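Now for the letters of each chain:
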Amino acid sequence: MTDPKPSKLHTSNADELLIERARAIEGYANIERSLARIFGNLLGTTPQRAAIVFFRITSSHARNIILESLIEERFGSTYRNYWDGIPKTPTKGLFSLLKRLDQRRNEIVHWHTVVEMNMTPTGQFDRHHLSPPNFWAWTPEVQEIGPDELREFTAQADFVTRSLNMFDMFASGLLDKSSPEAARTWREIFQQPCIYPPPDTHPLSPNYAKPQTPPRPSEA
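Predicted model, so just to flag it, every value in this text is computed and none were measured.

### Topic: the overall build of the protein
Phase 1 of the analysis: Looking only at helices and strands, the protein features eight helices and three strands.
Phase 2 of the analysis: The order of helices and strands in the protein, counted from the N terminus, is β-α-α-α-α-α-β-β-α-α-α.
Phase 3 of the analysis: Scored against the burial criterion, the 220 residues of the protein give a buried share of 33%.
Phase 4 of the analysis: Contacts in the protein between residues far apart in sequence, at least 24 positions, make up 64% of those at least 6 positions apart.
Phase 5 of the analysis: Carbon and sulfur atoms make up 55% of the accessible area of the protein, which totals about 14300 Å².

### A look at unusual backbone geometry
Phase 1 of the analysis: The residue after Tyr-196, namely Pro-197, is reached through a cis peptide bond having omega -5 degrees.
Phase 2 of the analysis: Tracing the backbone through its elements, the reader meets Pro-197 in the segment after helix 8 (180-189).
Phase 3 of the analysis: Phi at Lys-88 is positive, roughly 60 degrees, even though this residue is not glycine.
Phase 4 of the analysis: Mapped onto the secondary structure, Lys-88 falls in the loop between helix 4 (80-84) and helix 5 (94-110).

### Side note on the confidence of the model for the protein
Phase 1 of the analysis: Of all residues in the protein, 87% attain a pLDDT of 70 or more, and the chain-wide mean is 89.
Phase 2 of the analysis: Mean pLDDT across the elements of the protein ranges from a minimum in strand 1 (residues 9-12), with 79, to a maximum in helix 6 (residues 147-172), with 97.
Phase 3 of the analysis: In the predicted structure, residues 215-220 sits below a pLDDT of 50 and forms zero contacts with residues beyond four places in sequence or in another chain.

### Here we look at the packing of helix 5 against helix 6
Phase 1 of the analysis: Their axes nearest at 11 Å, the elements helix 5 and helix 6 cross at an angle of 140 degrees. Taken together, the axis directions place helix 5 and helix 6 in an arrangement best described as oblique. Here the hand of the crossing between helix 5 and helix 6 comes out left-handed. Residue-level inspection shows Leu-94, Leu-97, Leu-98, Leu-101, Arg-104, Arg-105 and Ile-108 of helix 5 in contact with helix 6, the latter providing Glu-149, Leu-150, Phe-153, Gln-156, Ala-157, Phe-159, Val-160 and Leu-164.

### What to know about helix 5
Phase 1 of the analysis: Taking 1.5 Å of rise per residue, the 17 residues of helix 5 would be expected to cover 24 Å, and the 24 Å separating its terminal C-alpha atoms lies within 8% of that figure.
Phase 2 of the analysis: For helix 5, the set of buried residues is Leu-94, Phe-95, Leu-97, Leu-98, Leu-101, Asp-102, Glu-107 and Ile-108.

### Overview of the pattern of salt bridges
Phase 1 of the analysis: Counted by the stated rule, this structure contains 10 salt bridges.
Phase 2 of the analysis: Residue Glu-20 pairs with Arg-23 through a salt bridge whose shortest N-O separation is 3.0 Å. Highlighted residues: Glu-20 and Arg-23, both in helix 1 (residues 14-43), separated by three residues, approximately one helical turn.
Phase 3 of the analysis: Judged by its relative accessible area of 7%, Glu-20 falls in the buried class.
Phase 4 of the analysis: Residue classification places Arg-23 among the partly exposed residues on the basis of a relative accessible area of 48%.
Phase 5 of the analysis: A network of salt bridges, in which partner residues are shared, links Glu-16, Glu-20, Arg-23, Asp-148 and Arg-151.

Rules behind the numbers
Residues numbered from 1 in each chain as written. Predicted model: local features only at pLDDT ≥ 70, side-chain atom pairs only at ≥ 80, totals over all residues. Heavy atoms only, no water. Helix = DSSP H or I, 4+ residues; strand = E, 2+ residues; numbered from the N terminus. Buried < 20%, exposed > 50% of the residue type's maximum accessible area, 1.4 Å probe, protein only. Contact = heavy atoms within 4.5 Å. Areas by Shrake-Rupley, 256 points an atom, 1.4 Å probe, with all protein chains shown as cover. pLDDT = per-residue confidence, 0-100. Axes fitted to C-alpha atoms, helices over the stretch in contact; angles between N-to-C directions. Parallel < 35°, antiparallel > 145°, perpendicular 65-115°, else oblique. Left-handed = near helix turned anticlockwise from the far one by under 90°. Expected span 1.5 Å × (residues − 1). Salt bridge = Lys/Arg side-chain N within 4 Å of Asp/Glu carboxyl O.

Right, here's the structure in full:
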């Protein structure tokens, strides 16, 4: 009696797409929470009162303009390069990165899941990705969003969130109280354009290695 032929596999990345999409949405929610804290700090009010106003701002464009105006009113041009980049150059700042994430977030939330069935020698693989709802008007210029793109979005959102948290700690004076050395480092960072991905010398880089404190003469 011969063994039955093994059935071909039928695999899919549907669960992977759903998980990464959820992580991406959570990553953007973390950005909004950090922005709300900065909003309250700049207005000199409590986080609770700031949230009442901040989360009523439904336009991300209006939100960014308000925050930009508050930062300039509080600090003048001291940290303009960090937030806005260097004028008349390709070097952008944190607001530019934030705007790209705002747009990408809308796509992640509103685009539909499309299934592409692929036959392979070992079976069928269903590849799920996000595409605009008006798929009939698809053009090669429209970039689909798959798990890899969602992971990149989440990584960028994490960097922006952590950057915002550090600016909030710095602007509120908490960082200077807890670590004057760290405050000096971040003061220098906030006076330079915010670049993503950050260089290895940036404290938020995954490749960052904290500089070693030179040994004292007696320990050398």
